[in-house]
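Structural characterization, general
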There are 2 protein chains.
Amino acid sequence: MTRIAILGPGLLGGSIALAARRAGEFHVGVWARRTEAVEEVKKLGLADLVSTDLRAVVAGAQLVILCVPVGAMPAIAGQIGDAVEPGAIVTDVGSVKAAVVAELSEIFRAAGSAHFVGSHPMAGSEQTGMHAARVDLFDGATCILTPDENTNALALGRLHQFWEELGCQVVETSPLDHDRIVALISHFPHLLAATLVNMVGEKNAAAFDFSGPGFRDATRVAGGPPAMWAEILRSNHTAVRAAAEAMIEKLREITTLLDHEASMTEFLTQAKSQRDLLRLPKTPHA
Amino acid sequence: MTRIAILGPGLLGGSIALAARRAGEFHVGVWARRTEAVEEVKKLGLADLVSTDLRAVVAGAQLVILCVPVGAMPAIAGQIGDAVEPGAIVTDVGSVKAAVVAELSEIFRAAGSAHFVGSHPMAGSEQTGMHAARVDLFDGATCILTPDENTNALALGRLHQFWEELGCQVVETSPLDHDRIVALISHFPHLLAATLVNMVGEKNAAAFDFSGPGFRDATRVAGGPPAMWAEILRSNHTAVRAAAEAMIEKLREITTLLDHEASMTEFLTQAKSQRDLLRLPKTPHA
């Protein structure tokens with residue numbers, strides 16, 4: 001029985017707890033900062049052990065998963081560095097990786113204890129909090145692991161297997177490539193959706209009343225939690241800025257072609273053919 | 001029993017036929033250009049009468065609905081101007097209105113026959129063609145009617161009722177306001193989604209493999225038929241260009257705030273609060 005320690009029972013932490021209990025091979029410990037959250041975790045039956053005592057939850061765990069905001073991770077890591085079992089694996093679920101991986105790897109290396117490997121399970125929703133947690137949140141979701149040149153290969157392999165057991169499709173890339181990629185397909189598109197909503201609101205807020213399913217889907221991500229996304233955008237600002245500049249450039253170009261039906265058809269065909277290739281949601285984990 | 005004539009059995013024409021037959025009070029005639037399409041309409045049981053003879057389908061109809069591309073409408077209208085019953089209502093389902101309404105109103109006024117009123121049922125999908133037609137396509141969909149200063153009030157009222165019988169939520173606005181509004185919530189967002197896909201494809205096509213449900217939803221509309229959308233964008237280029245310029249301006253502004261977490265949180269909160277107010281899909285037509 002593998003002991004896992006989930007630090008922070010939000011949407012992701014709660015869903016990991018549910019999926020791990022479904023997998024059946026895990027003893028699940030959960031740390032929550034507030035006693036009210038501890039009571040909620042108990043009420044929802046998410047864990048075998050739940051406490052506000054960080055070191056008590058971490059002790060004896062073979063896998064520790066930080067499910068707190070990116071900005072809170074270094075402080076938490078500092079508190080548990082010498083409480084984690086030697087040889088244990090520590091990971092996180094943050095949406096940005098280069099800075100986090102560098103900082104957390106160093107903390108655990110200095111403590112001489114656990115192996116840190118970054119994870120980014122690409123699952124979530126506009127909802128937040130443990131009440132939005134779902135046992136199937138990771139079924140078919142992509143999980144990106146971000147090893148660097150110092151990553152322990154055995155720890156990486158075990159973590160890979162863990163996310164697969166939770167239902168994920170696991171891929172690996174470097175922390176820096178991760179940040180550039182998610183800027184393109186997640187962080188910048190989030191900013192773009194929010195900007196579209198605010199632009200329409202400023203030009204003619206009455207237009208919202210005419211919107212249909214296309215606008216609703218195109219702007220769905222703009223319903224996500226603002227403070228969390230502002231932190232993500234700041235943490236990955238270099239790559240997001242590069243994406244925004246490329247987008248502005250491309251919008252300028254294409255706006256000159258609005259009158260050129262043939263060129264526009266070609267542009268839209270290129271987009272459609274790439275869009276049509278996006279992988280369909282994978283079959284849920286059996 | 002009201003006789004309706006549907007000119008063009010694509011996704012919209014086919015779905016109107018199905019929804020009208022469900023409503024039960026209509027004799028449905030369908031015109032198709034190609035004999036193969038006529039055979040398909042027969043096979044799918046979409047109509048009471050189907051023919052490649054435009055004037056034969058239009059004759060005796062109290063409501064004629066042009067379901068052909070915007071660019072093909074004036075020629076079709078010219079052919080049926082003197083075949084339409086005096087007092088009949090003619091409408092269309094085009095996504096742009098100012099030019100179409102001006103041109104078609106004039107054709108039918110000159111022929112001294114029918115009353116033209118523009119319609120834009122905001123329903124559709126990435127699919128096209130009569131095989132994608134659905135009886136419930138209009139259930140809860142917004143349908144915008146675009147009367148101008150010469151519109152016959154009785155004809156407008158009857159058309160309003162017709163779309164409601166098909167399941168639509170009907171709203172009315174002027175042709176010009178219509179074009180500005182749909183540029184903001186449909187035409188420009190379509191171009192934006194296509195531009196996002198092409199930007200990502202140019203920066204790093206491998207990033208598509210990492211994309212999740214957020215990117216899939218944000219770019220869904222980019223899967224629509226390119227030639228049809230290129231025509232729509234050209235037809236409404238003034239309003240689409242204005243939206244694109246406002247978007248570029250807003251993107252430039254917000255990109256300077258990537259490092260300012262508090263301002264960015266405020267920006268994202270503003271977007272979220274407007275996005276959260278978008279009306280939910282209406283209850284399907286009972």
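Residues numbered from 1 in each chain as written. Chains lettered and ligands numbered in written order. Predicted model: local features only at pLDDT ≥ 70, side-chain atom pairs only at ≥ 80, totals over all residues. Heavy atoms only, no water.

So, on to the state of the cysteines. All names here are of chain B. Counted according to the given criterion, the structure contains 0 disulfides over all chains. Between C67, a free cysteine, and C143, which holds the nearest cysteine sulfur, the sulfur-to-sulfur gap is 11 Å. Lacking any disulfide linkage, C143 is separated from the closest cysteine sulfur, that of C168, by 4.8 Å. (Disulfide = S-S within 2.5 Å.)

For the rest of this paragraph, the subject is helix 5 (residues 98-111) of chain B. Residue and element names in this part refer to chain B. When the terminal C-alpha atoms of helix 5 are compared, their 20 Å separation across 14 residues agrees well with the 20 Å that a helix rising 1.5 Å per residue should span. Buried residues of helix 5: V100, V101, L104, S105 and F108, and no others. Burial along helix 5 is one-sided: seen end-on, the buried residues are contained in an arc of 115 degrees. Of the exposed residues in helix 5, those oriented more than 90 degrees away from the buried face are A99 and A110. Just downstream of helix 5 lies G112, where phi reads positive at about 65 degrees. (Helix = DSSP H or I, 4+ residues; strand = E, 2+ residues; numbered from the N terminus. Expected span 1.5 Å × (residues − 1). Buried < 20%, exposed > 50% of the residue type's maximum accessible area, 1.4 Å probe, protein only. Arc of directions from axis to C-beta.)

Residue and element names in this part refer to chain B. What the 6 strands build is an open sheet, ordered 3-2-1-4-5-6; its pairing is parallel. Edge strands, defined here as strands with exactly one partner in the open sheet, are strand 3 (49-51) and strand 6 (115-116). Sheet contacts for helix 1 (residues 11-23): strand 1 (2-7), strand 2 (26-31) and strand 4 (63-66); angle to strand 2, the most-contacted strand, approximately 165 degrees. On the sheet, helix 4 (residues 73-80) packs against strand 1, strand 2, strand 4 and strand 5 (89-92) and is oriented at approximately 150 degrees with respect to strand 4. (Pairing = 2+ DSSP bridges. Contact = heavy atoms within 4.5 Å. Axes fitted to C-alpha atoms, helices over the stretch in contact; angles between N-to-C directions.)

We now examine the environment of D53 of chain A. Residues and elements named next belong to chain A. Here D53 shows up in the loop between strand 3 (49-51) and helix 3 (54-58). Placed 21 residues apart in sequence, D53 and A32 show a C-alpha to C-alpha distance of 8.1 Å. Among the polar contacts made by the side chain of D53, one reaches the main-chain amide nitrogen of R55 at a distance of 3.2 Å. (Polar contact = N/O pair within 3.5 Å; in protein donor to acceptor, adjacent residues only side chain to side chain.)

Attention now goes to the layout of surface pockets. Residues and elements named next belong to chain B. The space that makes up the second largest pocket amounts to roughly 1300 Å³. L11, L12, T128, P225 and M228 are the residues nearest the centre of the second largest pocket, which is lined by 48 residues in total. Looking at the lining of the second largest pocket element by element, the count peaks at 5 residues for helix 7 (residues 175-204). Tallied by class, residues from the lining of the second largest pocket come to 26 nonpolar, 17 polar and 5 charged. (1 Å grid on protein atoms, 1.4 Å probe; cavity = no way out; pocket = protein on both sides within 12 Å on 5 of 7 lines; lining within 4 Å. Points joined across faces, edges and corners; volume = space filled by probe spheres on them. Nonpolar A, V, L, I, M, F, W, Y, C, P; charged D, E, K, R; others polar.)

Two copies of a chain can be linked by a rotation about an axis combined with a shift along that same axis. Note on the identical chains: chain B maps onto chain A by a rotation of 180 degrees and an axial translation of 0.0 Å, with an RMSD of 0.0 Å. Read as a symmetry element, the transformation amounts to a two-fold axis. Relative to the rotation axis, the C-alpha of A218 of chain B is the closest in chain B, positioned 1.9 Å from it. Interface overlap between copies: 100% of the residues of chain B at the interface are likewise at the interface in chain A, consistent with a symmetric, same-surface contact. (Least-squares fit on C-alpha atoms with pLDDT ≥ 70 in both.)

With that settled, consider the interface of chain B and chain A. At the interface, 80 residues of chain B touch 80 residues of chain A. Summing both sides of the interface, chain B and chain A together bury roughly 8000 Å²; the carbon and sulfur share of this comes to 68%. Of all residues in chain B, F210, L258 and R275 of chain B bury the most surface against chain A, accounting for 10% of the area lost on that side. Our count for the chain B to chain A interface comes out at 6 salt bridges. E261 of chain B is the partner of R234 of chain A in a salt bridge, and the nearest nitrogen-oxygen pair spans 2.3 Å. Across the chain B-chain A interface, the total number found is 22 residue pairs in polar contact (both at pLDDT 80 or more). For the side of chain B that touches chain A, the residue count by class is 45 nonpolar, 18 polar and 17 charged. (Buried area = accessible area lost by both parts, 1.4 Å probe. Salt bridge = Lys/Arg side-chain N within 4 Å of Asp/Glu carboxyl O.)

What follows deals with the pattern of salt bridges. Tallied over the entire structure, the rule returns 30 salt bridges over all chains. A salt bridge links D92 of chain A to K97 of chain A; its shortest N-O distance comes to 2.9 Å. Judged by relative accessible area, K97 of chain A falls into the buried class, the value being 0%. Residues joined in a network through salt bridges with shared partners are E202 of chain A together with K250 and E253 of chain B.

With that settled, consider the packing of aromatic side chains. Describing an aromatic ring pair means giving the distance of the ring centres and the angle of the ring planes. For the structure shown, the criterion picks out 10 aromatic pairs over all chains. For the ring pair F108 of chain A and F116 of chain A, a centre distance of 6.3 Å and an interplane angle of 5 degrees mean the geometry is stacked. The same class applies to F108 of chain A and to F116 of chain A, which are both buried. On the basis of an interplanar angle of 65 degrees and a centroid distance of 5.8 Å, the ring pair of F138 of chain B and W163 of chain B is categorised as edge-to-face. Highlighted residues: F138 of chain B in the loop between strand 7 (118-121) and strand 8 (142-146) and W163 of chain B in helix 6 (residues 153-165), separated in sequence by 25 residues. Grouping residues by exposure puts F138 of chain B and W163 of chain B together as buried. Three or more aromatic residues joined by ring pairs form one cluster here, namely F26, F138, F162 and W163 of chain A. (Phe/Tyr/Trp six-rings, centres within 6.5 Å; stacked < 30°, edge-to-face > 60°.)

Turning our eyes to something else, we now look at the confidence of the model for chain A. All names here are of chain A. For chain A, per-residue confidence averages 93 on the pLDDT scale, and residues scoring 70 or more make up 97% of the total. For chain A, per-element mean pLDDT is lowest for helix 8 (residues 213-218), which scores 92, and highest for strand 4 (residues 63-66), which scores 98. Here residues 282-286 scores under 50 on pLDDT; set against residues more than four positions off or in separate chains, the count is 8 contacts. Interface scoring of the predicted complex returns ipTM 0.85; its pTM is 0.86. (pLDDT = per-residue confidence, 0-100.)

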